[in-house]
Amino acid sequence: MTQAIKFPASHSLPGPEDIARKQLPNGITVLHRSNFNSPSVVISGYVAVGSYLDPLEKLGLAHFTAAALMRGTKSQNFQAIFDKLESAGASLGFGASVHNTSFSGRSLAEDLPILVGMLADCLRNPVFPDEYFKRQQAQLLTSLSIRAQDTSEMSAITFDELLFGNHPYGRPEDGHIETIKRITRKDLAKFHEQYYHPRNMVIVVVGAVDAQTAFSIIENALGDWENPSILPSPELPLILPVTQSVRRHIEISGKSQTDLVVGVLGPKRKSPDYLVASLGNSVLGQFGMMGRIGEAVREKAGLAYDASTSLNAWIEGGSWEVSAGVNPANLQKAIDLIVQELKIFVQEPVTSEELADSQANYIGRLPLSLESNAGVANTLLNMERFDLGLDYLQKYSDKIMAVTPEAILEVSRKYIHPEALVIVSAGSAK
Amino acid sequence: MPADYIQEKLDNGLLVNLKEIHSAPIISHWVWYRVGSRNEVAGKTGISHWVEHMQFKGTPKFPQGVLDRAISRDGGFWNAFTFLDWTTFFETMPADKINLALELESDRMVNSTYLPEEVASERTVVISEREGSENEPLFKLDEAMQLAAFPGHPYRNEIIGSLNDLHAIQRDDLYAHYRSHYCPNNAVLAIAGDFDSDDMLKRIRQYYGGIHSGEISTHTPTVDAPLQKEEQIVVKGPGDTTYLQLAYRAPQASDDDFFTITVIDSLLTGPSSLNMFGGGGISNKTSRLYQALVEKEMAISVYGGLQATIDPHLYNISITVRPDRKPEQVLKSMDREIEKMMQKPVSQADIDRAVKQARALFAYGSENITNQAFWLGYPEMFGRYEWFTNYVEKLNRVTPAMIQQKMQEYFNPARRVVGIYIPEEEQA
């Protein structure tokens, strides 16, 4: 039995009626939704610069550049930048992923001009002072040393490497110790000059400010940004599926727990398979106490505190992963249980009851994911990034309810091949 | 902050705090119990946290698996936390589904079954949770520092418990701990969101009103004397990174000094947030220790903070040392900065800035209904809700002279625990 869930009219979901969208002549898209329930405001967005542009020998360059944007601009030094932000109780940060360099910030509504002004100055006029370059390089190298000891991060990085081969999805955005050591201050300045530009930039503003005010603050700060010297983007290699199972263990000494990732390629975010796979993923390892995987590995076998699945979908592809943290003595037992569940998952369709549970969960949790300004901003950003349309949330319920157990089986069989899995563990073998 | 909430005590002793918020069709429902690692005795460490896990294993009415399915189907999310002084369970639900939360929380306040086979499988899950924490290089250092900082008080123990105790605790121990702490007269119910208070009170009486008050049998610890000396703990382990940590005895939340230390924390290592959900933080790059250590190329990062607790707990500072520096050097620089604040009063502008930061963090936290419901119950665990509503005002009353005086009182280098994590060369 399924039944659509209706929302009370007084609390409508964000849609074309209350999301304002504007495109600036230089290619920036601005989205806005107001919320006057709290005197705060968030901004969130990205520029189209990412680690796919990194030279292999300088992997981590986009990440390093993003992290260095706030170390000084033509008109403000590091101290002035953070004094202005922290005195206002505001925050702003940048980070690079494969396709984009994202930013997010928040402030009291009265300080939105300070926040947007700082965003624009850091994006447009960074000077990468030498002193801060060296200090930050030392910080990045330390975080990579810490990463090398982290079983969960090392298993995830190795998994991506084996799954995505020579596609940029297979490389860590924060690079490696030897590639970060090779990067110079000049590399950052050059990378910024060649690749930072306003075209395809998106910025979302949500909070206690009206659309007109938000638009004019952004136009003032970013409307005249141009970069005539940008280079064209390189072609990326195709992502090819693995044809037989690959098993890799990363030995890290002195660890009580081994982290395990088992997985395959998943659909792109824009693929019609995505929502179907997403509901399948919910049944497999998300719903309730982490779906079938949680039930088998944690609840029944008591093998792990954490055991669940995730579906990660990006522009050119994605991954479908099961992860768990287990005692080294139970590692093989956990792998066997997980592979067994994957086999069952592609043998028979999920039950209509399981699907109905996940459908109800997806629709019911929507207002919860939208309760904070950051939640709304993130949703608006995804609508724009993946061309979902401003009425996406309003049509969401119908799209979810249209998914059938047979469709999930078909899509799962397309991606999950139990004889061709990437299986990675990291920890101390006994 | 206005006191825009309703408080009522049911005949069975259950304290109820309600706050109507009509910004979204959501209700967040929290039950708080006055039990945590503070109430544990030797041999039974970790029992409160394990009991929290067992509360998800079902009752005759909602057997295991039925609970989480019911919540998730309605699009809700739920979780639980065990801390030093308290254990809490929450559900955030679409407003029209809130009866489910009332029904299941009132049910499992008294009717959880604690089946022996569930206890057995949960033992390995809890041990696995501990093993996950042990993977963090600082876990062993934290554990050793706490033991040194509290000679007798149970705050010395890890909330998750010692491995020995996790192997030794039995089903009847867990059940007895549950029965002697989970009763309406040892609990606070806090609900915030899209409801009418009169109607909600009626429902609360319907679900919780019939539960009998219980006989609370608990361990109330004696407060440890202030630290008498500087103690140094060195832990060696894998990796390439050196860490330096400090622990000073801090005042309990009900002490006015707590607010002075909160402002000191903001000045030393940046503002800490009371938000449990959402809100994010404010960076700490203009804080004194960041300036003295990271900007001076002594450290990679520095953080600090204190906990609001019933008994005096700790003010902790955690520093990641630069690979080209020795922890002793870093400690010296840090002490010089602390010494300055003991010698010379800070400016009023510094305090005003800390207050503005606290206001901003509250504004961010109040976007989120789950977080507002958390605030509605949390201060009741170590004080009253007014502790929270008066928070910013109390910070406002802190003066430069108070900061100087409390620096001298609480940050004496002769009364602290210094912890150093030294990476060992890998054995070939």
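In this text, all values refer to a predicted model and were calculated from it rather than measured experimentally. The written sequence of each chain sets the order in which its residues are numbered from 1. Each chain is given a letter, starting from A, and each ligand a number, starting from 1, according to the order in which they appear as written. Per-residue local features of the predicted model are confined to residues with pLDDT of at least 70, and side-chain atom pairs are confined, for both listing and counting, to 80 or more; whole-chain, interface and lining totals are unaffected and use all residues.

Undergrad: How do you make sense of the overall build of chain A when you look at a structure like this?
TA: Assigned secondary structure in chain A consists of 16 helices and eleven strands. What you see for chain A is a C-alpha radius of gyration of 23 Å, in line with the 22 Å of a compact globule of 430 residues. By principal-axis analysis of the C-alpha atoms, chain A measures approximately 60 × 55 × 40 Å. Note on burial: count the other C-beta atoms lying within 10 Å of the residue's C-beta; 20 or more is buried, 12 or fewer is exposed, in between is partly exposed, and C-beta positions come from the backbone. Per-residue burial over chain A gives 51% buried out of 430 residues. Each residue is represented by a C-beta atom placed from its backbone, and any two residues with such atoms within 7 Å are regarded as in contact. Once local pairs closer than 6 in sequence are excluded, the contacts in chain A between residues at least 24 apart make up 81%. Here a helix means four or more residues in a row that DSSP labels H or I, a strand means two or more in a row labelled E, and each is numbered from the N terminus. For this measure, only C-alpha atoms enter the radius of gyration; the expected value for a globule follows 2.2 Å times N^0.38, where N is the number of residues.

Undergrad: What am I meant to see in the overall build of chain B here?
TA: When its secondary structure is counted, chain B shows 16 helices and eleven strands. With respect to the principal axes defined by its C-alpha atoms, chain B has extents near 60 × 55 × 40 Å. Evaluated residue by residue, chain B yields a buried proportion of 53% over its 428 residues. Restricting to contacts in chain B with at least 6 residues of sequence separation, those with at least 24 account for 82%.

Undergrad: Would you mind going over the pairing of strand S3 (residues 40–47) of chain A with me for this structure?
TA: All names here are of chain A. Among the eight residues in S3, eight count as buried, and that is most of the element. Burial along S3 is two-sided: the residues Ser40, Val42, Ser44 and Tyr46 and Val41, Ile43, Gly45 and Val47 are all buried. Any two strands with at least two DSSP-identified bridges between them are counted as paired. Note that S3 and strand S5 (residues 101–108) share eight bridges and pair antiparallel. Counterpart to Tyr46 in the pairing with S5 is Ser102. Across six bridges, the pairing between S3 and strand S6 (residues 202–207) is antiparallel.

Undergrad: Can you help me understand the sheet that holds S5(A) in this one?
TA: Sheet strands pair via backbone hydrogen bonds, and the direction of the pair is either parallel or antiparallel. Residue and element names in this part refer to chain A. Taken together, six strands build an open sheet; the order of strands is S1-S2-S6-S3-S5-S4 and the sheet is mixed. Each having just a single partner strand, strand S1 (20–23) and strand S4 (91–96) make up the two edges of the open sheet. Mean inter-strand twist for the sheet, computed between neighbouring axes without regard to direction, equals 10°. Where helix H8 (residues 211–222) meets the sheet, it contacts S1, strand S2 (29–34) and S6, and its direction lies at approximately 150° from that of S2. In this description, a line fitted to the C-alpha atoms serves as the axis of each element, helices being fitted only across the stretch in contact, and the angle between N-to-C directions of two axes falls anywhere from 0 to 180 degrees.

Undergrad: Got a minute to help me understand the domain arrangement of chain A in this structure?
TA: Interfaces are often sized by the amount of accessible area the parts lose when they come together. Residues and elements named next belong to chain A. Partitioning chain A into domains gives domain 1 (16–222) and domain 2 (246–427). By convention here, the domain bounds are inherited from an automatic or database domain assignment. Put simply, the middle of domain 1 and the middle of domain 2, counted by C-alpha atoms, are 28 Å apart. The partner domain 2 presents 33 residues to the 29 residues of domain 1 that form the contact. Within the residue set of the side of domain 1 that touches domain 2, elements represented by two or more residues are S2, S3, helix H5 (151–164) and S6. Among the elements that take part in the side of domain 1 that touches domain 2, H5 stands out by supplying nine residues, more than any other. Along the lines of polarity and charge, the residues of the side of domain 1 that touches domain 2 split into 15 nonpolar, twelve polar and two charged. Polarity classes work like this: nonpolar for Ala, Val, Leu, Ile, Met, Phe, Trp, Tyr, Cys and Pro, charged for Asp, Glu, Lys and Arg, and polar for all others, with Gly in that last group.

Undergrad: Please clarify how the domain arrangement of chain B should be interpreted in this entry.
TA: Residues and elements named next belong to chain B. Domain annotation for chain B reports domain 1 (6–208) and domain 2 (230–423). Distance from the C-alpha centre of domain 1 to the C-alpha centre of domain 2: 28 Å. Breaking the side of domain 1 that touches domain 2 down by element, the ones donating at least two residues are strand S2 (15–20), strand S3 (26–33), strand S5 (87–94), helix H5 (138–149) and strand S6 (187–193). The biggest single contributor to the side of domain 1 that touches domain 2 is H5, with seven residues.

Undergrad: Even after reading the chapter, I still don't get helix H9 (residues 257–269) of chain B, so can you show me in this structure?
TA: Each turn of an α-helix holds 3.6 residues, which means side chains three or four residues apart point in the same direction. Residue and element names in this part refer to chain B. The span one expects for a helix is its residue count, reduced by one, times 1.5 Å. For H9, which comprises 13 residues, the first-to-last C-alpha distance of 18 Å matches the rise-based estimate of 18 Å (1.5 Å per residue) to within 8%. With twelve of 13 residues buried, H9 is to be regarded as a mostly interior element. Here H9 has its buried residues at Phe258, Phe259, Thr260, Ile261, Thr262, Val263, Ile264, Asp265, Ser266, Leu267, Leu268 and Thr269. Of the surrounding secondary structure, the elements contacted by the buried residues of H9 are helix H10 (288–294), strand S9 (299–306), strand S10 (314–321), helix H12 (348–365), helix H15 (391–396) and helix H16 (400–410). Downstream of H9 by one or two residues, Gly270 has phi in the positive range, about 100°.

Undergrad: I would appreciate a short explanation of the packing of H9(B) against H16(B) in the present structure.
TA: For any two helices packed against each other, the geometry is given by the interaxial angle and the distance between the axes. Residue and element names in this part refer to chain B. At a minimum axis distance of 10 Å, the contact between H9 and H16 shows a crossing angle of 95°. Between H9 and H16, the crossing angle belongs to the class labelled roughly perpendicular. Taken together, the residues of H16 that come into contact with H9 (itself represented by Asp257, Thr260, Ile261, Val263 and Ile264) are Met402, Ile403, Lys406, Met407 and Tyr410. The class makeup of the residues in the contact of H9 with H16 is seven nonpolar, one polar and two charged. Here is the rule for angles: anything less than 35 degrees is roughly parallel, anything more than 145 is roughly antiparallel, 65 through 115 is roughly perpendicular, and the remaining ranges are oblique.

Undergrad: Looking at this structure, I do not really get the packing of helix H3 (residues 112–124) of chain A against H8(A). What am I missing?
TA: All names here are of chain A. Packing of H3 against H8 brings their axes to within 9 Å, and their N-to-C directions diverge by 30°. Classified by the interaxial angle, the pair formed by H3 and H8 is roughly parallel. Our pair here, H3 against H8, has a crossing hand that is right-handed. Residues Leu112, Pro113, Val116, Gly117 and Ala120 of H3 form the contact with H8, whose participating residues are Ile217, Ile218, Ala221 and Leu222. The class makeup of the residues in the contact of H3 with H8 is eight nonpolar, one polar and no charged. Each helix crossing is assigned a hand: it is left-handed if the near helix lies turned anticlockwise from the far helix by less than a right angle, otherwise right-handed if that turn is clockwise.

Undergrad: What exactly am I supposed to notice about the environment of Val126(B) here?
TA: All names here are of chain B. Its location among the elements puts Val126 in helix H4 (residues 116–134). Residue Val126 is classed as buried on the basis of its 21 C-beta neighbours within 10 Å. For the pair formed by Val126 and His53, sequence separation is 73 residues and the distance between their alpha carbons is 8.2 Å.

Undergrad: For this particular structure, what's the right way to read the nonpolar core?
TA: Nonpolar side chains in soluble globular proteins tend to end up buried together. Membership of the largest hydrophobic core comes to 248 residues, with the highest contact counts inside it found for Leu119(A), Val204(A), Val297(A), Leu189(B) and Leu293(B). Looking at this core, the element that brings in the most residues is H12(B), giving nine residues. With residues near it in sequence (within four places) discarded, Val204(A) still touches Leu31(A), Ile43(A), Ser44(A), Gly45(A), Ala377(A), Leu380(A) and Leu381(A). Residues of type Ala, Val, Leu, Ile, Met, Phe, Trp, Tyr and Cys that are buried and joined through C-beta atoms within 7 Å form what is called a nonpolar core.

Undergrad: Explain unusual backbone geometry to me, please; I cannot follow it from the model alone.
TA: Comment: phi is negative for the bulk of residues other than glycine, and the bulk of peptide bonds are trans. With phi around 50°, Phe128(A) is a residue other than glycine that occupies positive phi space. Position of Phe128(A) among the secondary structure elements: in the loop between H3 and helix H4 (130–148). Although it is not a glycine, Glu297(B) sits at a positive phi angle of roughly 60°. If you trace the backbone, Glu297(B) turns up in the loop between H10 and S9. Judged by local crowding, Glu297(B) falls into the partly exposed class, with 14 C-beta atoms found within 10 Å.

Undergrad: Could you clarify how one ought to interpret helix H7 (residues 185–195) of chain A in this entry?
TA: Residue and element names in this part refer to chain A. Three or more residues of H7 are buried, namely Leu188, Phe191, His192 and Tyr195. In an axial view of H7, the angular spread of the buried residues amounts to 100°, which keeps them on one side of the axis. Opposite its buried face, H7 presents the exposed residues Lys186 and Glu193, each directed more than 90 degrees away. Looking at the buried residues of H7, the elements they touch are helix H1 (61–68) and H4. Here the arc refers to the set of directions running from the helix axis out to each C-beta atom.

Undergrad: Help me out: how do you make sense of the sheet that holds S2(B) in this one?
TA: Residues and elements named next belong to chain B. Spatially, six strands are ordered S1-S2-S6-S3-S5-S4 in an open sheet, and the strand pairing comes out mixed. Each of the sheet's edge strands pairs with one partner strand only, and the pair in question is strand S1 (6–9) and strand S4 (77–82). Here the strands of the sheet are splayed against their neighbours by 15° on average, with no regard to which way each runs. Across six bridges, the pairing between S4 and S5 is antiparallel. Across the sheet, residue Trp78 finds its bridge partner in S5, namely Glu91. Lying on the sheet, helix H8 (residues 197–208) is in contact with S1, S2 and S6; it crosses S2 at an angle near 150°.

Undergrad: Explanation requested: the confidence of the model for chain A in the structure shown.
TA: A low pLDDT score tells you not to read the predicted coordinates there in detail. Residue-level confidence of the predictor is what pLDDT reports, using numbers from 0 through 100. The pLDDT averaged across chain A works out to 94; a share of 97% of its residues lies at or above 70. Within the model, the stretch residues 1–10 of chain A combines pLDDT values under 50 with twelve contacts to residues more than four positions away or in other chains.

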